[in-house]
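# Structural features, examined
Single-letter residue listing:
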Amino acid sequence: MTVLDSRTVADAAGAAAVDHRDPLVRLGHLLDEGSIRPITPEDKSGVRAVAGRVEGVPVVAFCSDARVQGGAMGAEGCEHIVHAYDVAVRERVPIIGLWHSGGARLAEGAESLHAVGRVFAAMTKASGVVPQISVVVGPVAGGGAYGPALTDIVILADNGRIFVTGPDVVRSVTGEETDMASLGGPEPHSKRSGVVHVVTKDEPEAMLRARQLACLLGHQGRVRGDVDEVDFGTLLPDNPRRAYDVHPLVNGLLDEPGVELHPKWAPNIVTTLGRLGGRTVGVIANNPMRLGGCLDSTSAEKAARFVRMCDAFGVPLVVLVDVPGYLPGVGQEHDGIVRRGAKLLHAFAEASVPRITLITRKAYGGAYIAMNSRSLGATRVFAWPGIQVAVMGAVAAVRILKRRELAAAPEEERSALEARLAEEHEKTAGGLQRALDLGVIDEVIEPAKTRGAIARVLSQATPARGAHGNIPL
């Protein structure tokens, strides 16, 4: 079949300027040069689908044609997308959608609605079977908004907009004054809604991120026998109560900085795809710089979705734990922390992929369980020297358990008594040695030997993959 790229389009256009909205131009920026093979005809459907490669990795891709009725989705164009999904599932390769669409075509009425619904059904059927990546390069509305939302990863370029109903409809129905950017642009979707996983400064960067993610998920590789070590001990503050940013630790663990998903949404937990020893891994880390690293309703949901995505595609997980517990408060309870926190428990307990936990400083209460504990089936649990594992901090615990004894002590002696009781409590009920004795921690490792220890477990673990889809939690 004919092989095309963006230069072929330019040559065909002669001296005329190439419209950057042309699907083959956009697909040419996404895929390896010379690799594009059309799998649907050139027509007025408003969609073009192709097979191609990304860094040599086979993929299927499709692109809305914003030049045709604003990329609105009609019956014929939807059939092209469904066909693209059929090819991707049959060949077990990632599928990438470039979206710039006004939704279902008004003139086709119920026919276009039925066709859009068939696209949604194809996406759902492919969920957990092949990686689905969406790149939103222009406004997408109505059915065009739900298309990306059903996929595994959504990338939003600076000009991208996602909303069910546009500003004019919002204004006429509710009286609210808004514009496209504040309604469905990078700020609301990267910080508030959680719809978008990655925001980029422009369309070329969006294509670059899509290429990185397609490679990470489409060609996961194998762990090398040896890895370079990093002295992580220098990255933690001397004071165990002091906050720190976990990103240098995550980046140091990986061969090179990976792609962080949802960096501004629920930033108290970090979710990153990258490579360790050459093998794709998913890293989940509490970030003490935000909310002290506490789990809350939003971060639990964010992490649960990431765990299920990695499990669906056989990506091993590395979990970096430094968590003081769940964030308390009336707002959290009303926001569904019990229901949404249960999603993270379910996701880890359900997961089949190898998953390694490293406790770096502390793991308290129910959050200890939720962060891939041994009880939920962790493959291996490591700890750095001096970590704490308990229902709560020793001082907080003795203030409850020994409140009468503390209250009866002279005020000038109370502080020393509290410290002594906390030390005793730590020895009997919590602390590193107790966790080792119970077998909930397998091994204490030095920070400077962390990468090698994790890589060895990954190289020896039996590959596995969850048998489930990736519902947008």
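Refer to the structure printed above.
All of the points below concern the structure found in this document. (Residues numbered from 1 in each chain as written. Predicted model: local features only at pLDDT ≥ 70, side-chain atom pairs only at ≥ 80, totals over all residues. Heavy atoms only, no water.)

Time to look at the overall build of the chain. Assigned secondary structure in the chain consists of 19 helices and 16 strands. In terms of overall dimensions, the chain is globule-like: its C-alpha atoms have a radius of gyration of 25 Å, near the 23 Å expected for 473 residues. Expressed as lengths along the three principal axes of its C-alpha atoms, the size of the chain is roughly 90 × 60 × 35 Å. Evaluated residue by residue, the chain yields a buried proportion of 55% over its 473 residues. Look at the contacts in the chain between residues 6 or more apart in sequence, and 72% of them connect residues 24 or more apart. As displayed, the chain has an accessible area near 20600 Å², and 53% of this comes from carbon and sulfur atoms. Charged side chains of the chain number 51 positive and 54 negative; the gap between the two group centres comes to 3 Å. (Helix = DSSP H or I, 4+ residues; strand = E, 2+ residues; numbered from the N terminus. Rg over C-alpha atoms; globule rule 2.2 N^0.38 Å. Buried < 20%, exposed > 50% of the residue type's maximum accessible area, 1.4 Å probe, protein only. Contact = heavy atoms within 4.5 Å. Areas by Shrake-Rupley, 256 points an atom, 1.4 Å probe, with all protein chains shown as cover. Lys, Arg positive; Asp, Glu negative; His and termini not counted. Charge placed at Lys NZ, Arg CZ, Asp CG, Glu CD.)

Okay, the packing of helix 3 (residues 75-91) against helix 4 (residues 110-126) next. Put simply, helix 3 and helix 4 touch, their axes get as near as 8 Å, and they point 10° apart. In this view, helix 3 runs roughly parallel relative to helix 4, as classed from their interaxial angle. Between helix 3 and helix 4 lies a crossing whose hand is left-handed. Contact residues: helix 3 offers Ala75, Cys78, Glu79, Ile81, Val82, Tyr85 and Val89, while helix 4 offers Glu111, Ala115, Val116, Arg118, Val119, Ala122, Met123 and Ala126. Here the contact of helix 3 with helix 4 is built from residues that sort into 12 nonpolar, no polar and three charged. (Axes fitted to C-alpha atoms, helices over the stretch in contact; angles between N-to-C directions. Parallel < 35°, antiparallel > 145°, perpendicular 65-115°, else oblique. Left-handed = near helix turned anticlockwise from the far one by under 90°. Nonpolar A, V, L, I, M, F, W, Y, C, P; charged D, E, K, R; others polar.)

One turn of an α-helix holds 3.6 residues; hence residues three or four places apart share an orientation. Taken as a whole, helix 8 (residues 186-193) has its buried residues at Pro188, His189 and Ser190. The inward-facing, buried residues of helix 8 abut strand 7 (161-163), helix 7 (180-184) and strand 8 (198-199).

Secondary-structure assignment places Gly452 in helix 19 (residues 450-460). Gly452 sits in the buried class, given a relative accessible area of 7%. A C-alpha to C-alpha distance of 6.9 Å links Gly452 and Asp226, two positions 226 residues apart in sequence. In contact with Gly452, other than residues within four places in its own chain, are Val227 and Glu229.

Before going further, it helps to examine the side chain of Thr271. Structurally, Thr271 can be placed in strand 10 (residues 269-276). By relative accessible area, which is 1% here, Thr271 ends up buried. Every residue in contact with Thr271, bar those within four places of it in the chain, is listed here: Val259, Glu260, Leu261, Val283, Ile284, Lys302, Ala303 and Phe306.

Okay, the nonpolar core next. Residues Leu273 and Leu344 are the most contacted members of the largest nonpolar core, which totals 94 residues. With eight residues, helix 9 (residues 203-218) is the single largest residue contributor to this core. Counting 32 residues, the second largest nonpolar core, distinct from the first, contains Val47, Phe62, Trp99 and Ala122. (Core = buried A, V, L, I, M, F, W, Y, C linked by side-chain atoms within 4.5 Å.)

On to the pairing of strand 3 (residues 57-64), then. Of all eight residues in strand 3, seven are buried; the element is thus mostly enclosed. In terms of strand pairing, strand 2 (residues 47-54) meets strand 3 through eight bridges, oriented antiparallel. Bridge pairing links Arg48 to Cys63 in strand 3. With four bridges connecting them, strand 3 and strand 4 (residues 95-101) associate as parallel partners. The residue of strand 4 that forms the bridge with Phe62 is Gly97. Between strand 3 and its parallel partner strand 4, the chain crosses via helix 3, and the hand of that crossover is right-handed. (Pairing = 2+ DSSP bridges. Right-handed = clockwise from strand over helix to strand, strands pointing away.)

With a phi close to 55°, His262 is a non-glycine residue in the positive phi region. Phi at Leu291 is positive, roughly 55°, even though this residue is not glycine. Turning to its location among the elements, Leu291 is positioned in the loop between strand 11 (279-286) and helix 11 (297-312).

There is about 680 Å³ of room inside the largest pocket. What lines the largest pocket is a set of 27 residues, among which Pro240, Arg241, Lys362, Tyr364 and Gln388 lie closest to the centre. Those elements giving two or more residues to the lining of the largest pocket turn out to be strand 13 (355-364), helix 15 (394-401) and helix 17 (411-429). The leading source of residues in the lining of the largest pocket is strand 13, at four residues. (1 Å grid on protein atoms, 1.4 Å probe; cavity = no way out; pocket = protein on both sides within 12 Å on 5 of 7 lines; lining within 4 Å. Points joined across faces, edges and corners; volume = space filled by probe spheres on them.)

The next point concerns the side chain of Ser190. Mapped onto the secondary structure, Ser190 falls in helix 8. For Ser190, a relative accessible area of 9% corresponds to the buried category. In terms of polar contacts, Ser190 uses its side chain to reach the backbone carbonyl oxygen of Pro186, at 2.6 Å. Residues in contact with Ser190, not counting those within four places in the same chain, are Val196, Val199, Lys264 and Trp265. (Polar contact = N/O pair within 3.5 Å; in protein donor to acceptor, adjacent residues only side chain to side chain.)

What follows deals with the packing of aromatic side chains. What the rule picks out here adds up to three aromatic pairs. Taking 5.6 Å as the distance between ring centres and 85° as the angle between the ring planes, the aromatic pair formed by Phe62 and Trp99 counts as edge-to-face. Here Phe62, found in strand 3, pairs with Trp99, found in strand 4; they are 37 residues apart in sequence, far enough to count as distant. Each member of the pair, Phe62 together with Trp99, is buried. Members of the aromatic cluster, each reached through a chain of ring pairs, are Phe62, Tyr85 and Trp99. (Phe/Tyr/Trp six-rings, centres within 6.5 Å; stacked < 30°, edge-to-face > 60°.)

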